[in-house]
Amino acid sequence: MENLIALLVAAPLVGAALLLCGGKRLDRTGHWIGSLLAVASFAVAVVLFADMLGKGAEHRALHQHLFSWIPVGGFRADIAFQLDQLSMTFVLLITGVGSLIHIYSIGYMEHDERRRRFFGYLNLFLAAMLLLVLADNYLLLYVGWEGVGLASYLLIGFWQHKPSAATAAKKAFLVNRVGDMGLSIAIMLMFTTFGTFAFGPVFAAAGDASEGRLTAIGLVLLLAACGKSAQVPLQSWLGDAMEGPTPVSALIHAATMVTAGVYLITRSGAIFNLAPDAQTAVVVVGAVTLLFGAIVGCAKDDIKKALAGSTMSQIGYMVLAAGLGPIGYAFAIMHLVTHGFFKAGLFLGAGSVMHGMNDEVDMRRYGGLRRYMPVTFVTFGLGYLAIIGFPGLSGFFSKDKIIEAAFARGGTEGWILGGAALLGAAITAFYMTRVMLMTFFGEKRWDPEEFHPHESPKVMTVPMIVLAVGSVFAGGLFSVGDAFVRWLEPVTSFAHGHSPVSAGVVTAATMVVLAIGVGIAWLMYGRKEVPATAPRGSLLTRAARRDLLQDDFNHVVLVRGGEHLTRTLVYLDHSLVDGAVNGTAAAMGGLSSRLRQLQTGFVRSYAVQMLGGAAVLVAATLLMRGV
Amino acid sequence: MSFPLLTATAVVPAIGAIATAAVPAAKRTAAKWLALLFSLATLSLAAVIAVRFDPGAKGPFQLTESHAWIQDFGVRYDLGVDGIAVALIALTALLIPFVILAGWHDADPSPSSQLRSSRGGPNEGAEPNRPYSWRPTQGFFALILAVEAMVVLSFEATDVFLFYIFFEAMLIPMYFLIGGFGDRAGGRGEQQAAAQRSYAAVKFLLYNLVGGLIMLAAVIGLYAVTAHQLGAGTFSLPQIVQARASGALTLGTGTERLLFLGFFFAFAVKAPLWPLHTWLPNAMGEATSPVAVLITAVVDKVGTFAMLRFCLQLFPEASSWATPVILVLSLISIVYGALLAVGQRDIKRLIAYASISHFGFIILGIFAMTSQGQGGATLYMVNHGISTAALMLVAGFLISRRGSRLIADYGGVQKVAPVLAGTFLVGGLATLSLPGLAPFISEFLVLVGTFSRYPVIGIIATLGIVLAALYVLVLYQRTMTGPVATEVRAMPDLKVRELVVVAPLIALLLFLGVYPKPLTDLVNPAVQHTLSVVDKKDPKPTVRVDAVPGGGRHGGTAQTQDVEAAK
Amino acid sequence: MNPVYYLYLAALLFTIGAAGVLIRRNAIVVFMCIELMLNACNLAFVTFSRMHGNLDGQIIAFFTMVVAAAEVVVGLAIIVSIFRTRHSASVDDASLMKL
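On a predicted model such as this, the values are computed, not experimentally measured, just so you know.

**Things to note about the overall build of chain C**
Consideration 1: If you tally the helices and strands in chain C, you get three helices and zero strands.
Consideration 2: Helices and strands in chain C line up, N terminus first, as α-α-α.
Consideration 3: For chain C, whose C-alpha radius of gyration is 16 Å, the value lies well above the compact-globule estimate of 13 Å for 99 residues.
Consideration 4: Its C-alpha atoms give chain C principal-axis dimensions of about 50 × 25 × 25 Å.

**Quick look at the overall build of chain A**
Consideration 1: When its secondary structure is counted, chain A shows 24 helices and two strands.
Consideration 2: Dimensions of chain A, computed from the C-alpha atoms along their principal axes, are close to 115 × 65 × 60 Å.
Consideration 3: Looking at chain A as a whole, 60% of its 627 residues are labelled buried.
Consideration 4: Sequence separation of 24 or more characterises 80% of the internal contacts of chain A that already satisfy a separation of 6 or more.
Consideration 5: About 22700 Å² of surface is accessible on chain A, with carbon and sulfur atoms providing 68% of the total.
Consideration 6: In chain A, 45 side chains carry a positive charge and 39 a negative one; their mean positions are 7 Å apart.

**Topic: the pattern of salt bridges**
Pairing is possible between side chains of opposite charge, provided their charged atoms come close.
Consideration 1: Applying the stated criterion across every chain, the model contains 24 salt bridges over all chains.
Consideration 2: Between R244(B) and E317(B) there is a salt bridge, and its shortest N-O distance comes to 3.0 Å. Here R244(B) is found in helix α9 (residues 237-246), whereas its partner E317(B) is found in helix α13 (residues 316-342), with 73 residues between them in sequence.
Consideration 3: Given a relative accessible area of 17%, R244(B) falls into the buried group.
Consideration 4: In this structure, R25(C) engages D92(C) in a salt bridge whose closest nitrogen and oxygen atoms are separated by 3.2 Å. Placement of R25(C) in the loop between α1 (4-23) and α2 (27-52) and of D92(C) in the segment after α3 (56-86) is noted, with a sequence separation of 67 residues between them.
Consideration 5: If you follow the salt bridges from partner to partner, you end up with D301(A), R364(A) and R434(A) in one network.

**With respect to helix α17 (residues 418-431) of chain B**
All names here are of chain B.
Consideration 1: Here α17 is 14 residues long and its end C-alpha atoms lie 20 Å apart, about the 20 Å a rise of 1.5 Å per residue gives.
Consideration 2: Burial analysis of α17 places ten of its 14 residues in the buried class, which makes it a mostly covered element.
Consideration 3: Note on α17: the residue one or two positions beyond its end, S433, has a positive phi of about 60°.

**Some points on the interface of chain B and chain A**
How big an interface is tends to be expressed through the accessible area that disappears when the partners come together.
Consideration 1: Residue-level contacts link 73 residues of chain B with 69 residues of chain A.
Consideration 2: For the pairing of chain B and chain A, the buried interface totals around 6000 Å² over both sides, and the portion due to carbon and sulfur atoms is 68%.
Consideration 3: Inspection of the chain B/chain A interface yields two salt bridges.
Consideration 4: A salt bridge links K415(B) to E113(A), with the nearest nitrogen and oxygen atoms 4.0 Å apart.

**Here's the deal with helix α20 (residues 483-492) of chain A**
Residues and elements named next belong to chain A.
Consideration 1: Regarding α20, the residues found buried are F484, V485, W487, L488 and T492. Taken end-on, α20 shows its buried residues confined to a sector of 160°, consistent with a single buried face.
Consideration 2: In this structure, the buried side of α20 is in contact with α2 (30-53), α3 (85-108), α11 (260-267), α15 (329-356) and α19 (458-479).

**A few points about a nonpolar patch on the surface**
Residues and elements named next belong to chain A.
Consideration 1: On the surface, V512, I516, I520, W522, L523 and M524 cluster together to form a nonpolar patch covering roughly 550 Å² of accessible area.
Consideration 2: Relative to the assigned elements, M524 resides in helix α21 (residues 503-526).
Consideration 3: Here M524 falls in the partly exposed class, since its relative accessible area comes to 38%.

**Comments concerning the environment of V518(A)**
All names here are of chain A.
Consideration 1: Topologically, V518 is positioned in helix α21.
Consideration 2: Residue classification places V518 among the partly exposed residues on the basis of a relative accessible area of 23%.
Consideration 3: Sequence separation of V518 and R604 is 86 residues, and the distance between their C-alpha atoms is 109 Å.
Consideration 4: Among all residues touching V518, those that are not within four sequence positions of it are Y384, I388, A429 and T433.

**Focus on the interface of chain C and chain A**
Consideration 1: Between chain C and chain A, the residue contacts involve 13 residues of the former and eleven residues of the latter.
Consideration 2: A buried area of about 1000 Å², summed over both sides, lies between chain C and chain A, and 65% of it is on carbon and sulfur atoms.
Consideration 3: The partner of R604(A) in a salt bridge is D92(C), with the nearest N and O atoms 2.6 Å apart.
Consideration 4: Taken together, the links from chain C to chain A amount to three residue pairs in polar contact (both at pLDDT 80 or more).
Consideration 5: A breakdown of the residues in the side of chain C that touches chain A according to their chemical character gives eight nonpolar, one polar and four charged.

**Some remarks on the UniProt feature "transmembrane region" (unreviewed entry) in chain C**
Consideration 1: Those residues carrying the UniProt feature "transmembrane region" (unreviewed entry) are residues 6-23, 28-48 and 60-83 of chain C in this numbering.
Consideration 2: Each end of residues 6-23 of chain C is marked by a C-alpha atom, and these two atoms are 26 Å apart; helix forms 100% of the span and strand 0%.

**A short note on the environment of G373(B)**
Residues and elements named next belong to chain B.
Consideration 1: With respect to the secondary-structure elements, G373 resides in helix α15 (residues 371-402).
Consideration 2: For G373, a relative accessible area of 0% puts it in the buried group.
Consideration 3: When the C-alpha atoms of G373 and S452 are compared, they prove to be 9.3 Å apart, with 79 residues separating the residues in sequence.
Consideration 4: The contact partners of G373, leaving out residues within four places of it in the chain, are G365, I366, L445, V446 and G449.

**Section: the packing of helix α14 (residues 347-368) of chain B against α15(B)**
Angle between the axes and distance between the axes: these two values describe a pair of packed helices.
Residue and element names in this part refer to chain B.
Consideration 1: For the pair α14 and α15, interaxial distance at closest approach is 9 Å and the crossing angle is 175°. In this view, α14 runs roughly antiparallel relative to α15, as classed from their interaxial angle. Note on element contacts: α15 touches α14 through G373, Q374, A377, Y380, M381, H384, T388, L391, M392, A395, L398 and I399, opposite I347, K348, I351, S355, H358, F359, F361, I362, G365 and I366.
Consideration 2: Looking at the contact of α14 with α15 residue by residue, the classes come out as 14 nonpolar, seven polar and one charged.

**What to know about the pairing of strand β2 (residues 75-83) of chain A**
All names here are of chain A.
Consideration 1: Among the nine residues that make up β2, eight are buried, leaving the element largely enclosed by the rest of the structure.
Consideration 2: Inspection of the sheet shows strand β1 (residues 62-72) paired to β2 by nine bridges, in the antiparallel sense. Following the sheet pairing, I70 is matched in β2 by A77.
Consideration 3: Between the end of β1 and the start of β2, which pair antiparallel, lie two residues, with G73 showing a positive phi angle near 60°.

**Section: unusual backbone geometry**
Consideration 1: A cis amide bond links V232(A) with the next residue in sequence, P233(A), at an omega value of 10°.
Consideration 2: Tracing the backbone shows P233(A) in the loop between α8 (211-228) and α9 (237-240).
Consideration 3: Cis geometry is found at the peptide bond from A271(B) to P272(B), where omega equals -15°.
Consideration 4: Turning to its location among the elements, P272(B) is positioned in the loop between α10 (253-270) and α11 (279-286).
Consideration 5: One non-glycine residue with positive phi stands out, namely D359(A), at about 60°.

**As for the packing of aromatic side chains**
Consideration 1: Tallying each qualifying case throughout the model produces 51 aromatic pairs over all chains.
Consideration 2: Between the aromatic rings of W69(A) and F440(B), the centroid separation amounts to 6.5 Å while the plane-to-plane angle is 25°, which identifies the pairing as stacked. Note that W69(A) is positioned in strand β1 and F440(B) in helix α18 (residues 438-453), a pairing that runs across two chains.
Consideration 3: Centroid distance F380(A) to F440(A): 5.3 Å. Interplanar angle 55°. Geometry classified as tilted.

**Side note on the arrangement of the chains**
Consideration 1: For this structure, the chain pair with the highest number of contacts among two pairs of chains in contact is chains A and B.
Consideration 2: For chain B and chain C, which are not in contact, the least C-alpha distance works out to 23 Å.

**What to know about the nonpolar core**
Consideration 1: Ranked by size, the top nonpolar core spans 424 residues in total, and within it L139(A), F263(B), F267(B) and F367(B) carry the most contacts.
Consideration 2: Contacts of F367(B), omitting those with residues within four sequence positions, involve F260(B), F264(B), M307(B), L312(B), S319(B), T323(B), I326(B), L327(B) and Y454(B).
Consideration 3: Formed by ten residues, the second largest nonpolar core is a distinct cluster that contains V30(C), C33(C), M37(C) and I79(C).

Rules and cut-offs
Residues numbered from 1 in each chain as written. Chains lettered and ligands numbered in written order. Predicted model: local features only at pLDDT ≥ 70, side-chain atom pairs only at ≥ 80, totals over all residues. Heavy atoms only, no water. Helix = DSSP H or I, 4+ residues; strand = E, 2+ residues; numbered from the N terminus. Rg over C-alpha atoms; globule rule 2.2 N^0.38 Å. Buried < 20%, exposed > 50% of the residue type's maximum accessible area, 1.4 Å probe, protein only. Contact = heavy atoms within 4.5 Å. Areas by Shrake-Rupley, 256 points an atom, 1.4 Å probe, with all protein chains shown as cover. Lys, Arg positive; Asp, Glu negative; His and termini not counted. Charge placed at Lys NZ, Arg CZ, Asp CG, Glu CD. Salt bridge = Lys/Arg side-chain N within 4 Å of Asp/Glu carboxyl O. Expected span 1.5 Å × (residues − 1). Buried area = accessible area lost by both parts, 1.4 Å probe. Arc of directions from axis to C-beta. Patch = residues over 30% accessible without salt bridge, like charges linked within 9 Å, V, L, I, M, F, W, Y side chains within 5 Å. Polar contact = N/O pair within 3.5 Å; in protein donor to acceptor, adjacent residues only side chain to side chain. Nonpolar A, V, L, I, M, F, W, Y, C, P; charged D, E, K, R; others polar. UniProt positions renumbered as here; feature names shortened; annotations may be inferred. Axes fitted to C-alpha atoms, helices over the stretch in contact; angles between N-to-C directions. Parallel < 35°, antiparallel > 145°, perpendicular 65-115°, else oblique. Pairing = 2+ DSSP bridges. Phe/Tyr/Trp six-rings, centres within 6.5 Å; stacked < 30°, edge-to-face > 60°. Core = buried A, V, L, I, M, F, W, Y, C linked by side-chain atoms within 4.5 Å.

Here is the structure:
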């Protein structure tokens, strides 16, 4: 069975190589090849999953060692895979949602002349993401980590002829690189501390390292997670990343890649559990981001950017849960999976709307679309109900558990975190209701002459339906007898939190804030007509539209500052460093032209010099003698 | 006596240089094929060296050859290779055929005689009225082969004096290559271009000559010391290392430091290390891109190689003494080179500054004095050679199409020439050390090696990976993406010859990124030997882990070896 | 007679010659002054030879004469050819060999 693991990665990798190097002759079949290989990978994953279920909980982890990768002195990195319950969960999510989105893209990208290349990049992404979750050591994880960054770069910038897309792609890669710096420092720290960076030995030895070291490792891992998962302060790239084609936003920037940070933290649980300070930093980042993303999501009129804010916020929930330690890991992953379903579904729905609306993204120019796109409306609506945590749907189960766990942290911290999570739930309900109302309800705010909204083809709607089914039932299924928690327990361990408020009260409170959020949204956008041009709005709204001024800060401090720095350095390099060299050369030249003046050409002056020289020589000889 | 393989590897390109230069003026194409043939013959000899070399064997040098040369001064014709030298000889022999192929048309005589007469350089006065009376094409390829011969010999020499001769002599063909054959990026007057070219060539020559002369003083000093203490003066590296180890030769602290500085200065100019770097952007900017590859990927490697082979092994104590300063300088190189690369407007100068940043990494790795650092630095030399060659040669193809080196003159190339853009991106990604490509491994090893001894320097050097992403992606964005610029609308995609140049380099980058073991196996024993001469050991991890081979799932028992004070 | 007087004479002759080289412009006169200096040296050599009872000084005096003769041959030829082209024998006029 172990030998199948490499096949998971190999299938999409072969696809990427074929499609990217295959040239034009694959233009007509490329998308089928790409989708087929994604589905093949999913099939392998299902086989491995079935096999895993047949074994006892403690014997489920599989290990495959391919070859020794970098052996230098005490430094050994291997190409080796590890498939345990946590990886399995991710593999199923990645290949499952990935396959659906491949199929959806066949329709969505139908008219793009570079469709073959698009599928090549998607396959490359799948391979890198699978590598990330299957690696058995941090360095190989790092390969996948940067690999998904590359795929994300290529896909955000897929429509490169648009300068905005190219800039967004570059920004995403750069911000991610800052995070990657954290990951590489973490690996270096692990190497100097433990002499290895393979998961098993590091986690086994973590207890022997000093807490200061572990905290340092935890903090740099958090930096890495912030970059990949768009957490404050490295969140600024996610909104711009919506420049990419919508299936990309659904797969990479909602369901899978951006959750890699949560995977990293959960995987490194053994380190974080021993470093409470690092854990505190994690929960703070999570709590801040969940509010930050939610607030940004409220103000955006671009449907994809509103969803991006929501993604950020939901990942904030996951990071918060992962920071809580064993009482939260399982719920973080559970929310991650359910979020994968409903957020991918929502994005695909948004893509379907855009597909029917000539790629218009401004929600103020939608309205009343439910009559024209019934399937999209129903699937999007189910996703909506799931994300706000409507009782019985997926989001309800996973988010509720996270809020409970936040309270269970105990003390003042518990109240603050729980409160933040509750507030986040209210805002989530508000902005999602706003998206729903502005898009599908109300009067049409578009010109019927110009737009002809229509339902998308089957190849697009079927994946949406599948994801909607997942959004409805996944959470409930996972919660039957705590199935999901027990499935993950051997890897992440699990502890029951002791909440100061009972579970029932938390659920009730969640329901109340949910109702409030939906109600306010209905008052603002359902009852009243939505203006087609955005009103000026309050100070907070305007700030939120600009991503709470974080971009402006980056621009002024980093971009401008960096530009000035490089310009100064270029000038200094020319004038100071090179100037010193050229100055030396010029000084030599000047000196020699001065000395040249001594050569007058007059024989008699030469004769004087000779005589003088002779006299000096004689005098010197005599003086030397005298001494 | 066995076949003198090492000599043959250097002699073949030398004969090739003479043969190519002797081809009659009219038969330019024949000269090109001849040069290519000789470079391929050298490559196969280098392959034989790599096969015959046994990494596990005892003794520092293998395939040795030794002949008396100038007996009065103890100068010997001593050749020998260790793993590092084998890797670099292989790199050199591998890159030269690509350089020749990429420069296939770079030295074709231009139809306008005005251009020819302003070309400057060695042939300026030669009969201006008869077109094609001089033979630039033959000269170009002959000079490239001559450089190859000298570089190979300086990798092989184990006699300090012999090394010095070829270290200096390679300046002469390089001077003519830079000054005589500029790229044909129009936009400037030919006259002005020729002036800038000769400025760059003279700067290159003077810089390196100054370094070389200081080194010559140190070489003589070394001879004097050995003559004084050993009775008979010697330049033999193994002999000196052995004499120092056995105590027969003791250098005073001051003497050793001075000699070390003399050697190091020359290598730091060649490498180049901040603040001795300013010749490189000029030289790489003005030269044709194959020559730029020759400079940065091949010739400069002699500098870093010589630091490992001569500076560290001849003067271990002085090397330790100078380490802090050198580490700081290389750190400055890394950050400074990257920042300046961001600020460049000229594609080739940008790549030159990127190279300065990468050389900073190499020197950092060498002087971190850990097996990861030095192993990484050696791999870095090889990988940087390949990745820069890929990026620079594609950049050269791009520049020759548009006739401009300015980044601002491009835009949207991706749309009209996707293969060119794709290969350029892969070259760029290799330059920014993307995992999965070869340079990542070397860069990470250097960082780990540095970090394990000097954490703060390691962390600051890590900044380099962010800055590398910045300059590569900015370059890619400005040239390849966005709306298609008017002038590039009719730009053709890569031709077969160009693809033949780039594709193997990219394949190699991928292969060595996934499976670098052949290279690490080659290099590791040599690095261990160097470290044992310098008398340094890798720092021990603070927590000892009995790692399961292959990084098994659940490691064995863990025992604490608490080096740092327990919390 | 005290041989030292010969030395004084030699010094005097040398000084006269040197002054002539430095002061006079006419190439022929400069030339004759050089001859004077050479001969002053010869005188000194011979005197020293006498004083130390050693023949080396006299041998060197012969060498000097040979050199002086060769010099006259080459020098006069140069002066004559300069005079032919420039119609002047002034050494200051021939100051073209400068950078």
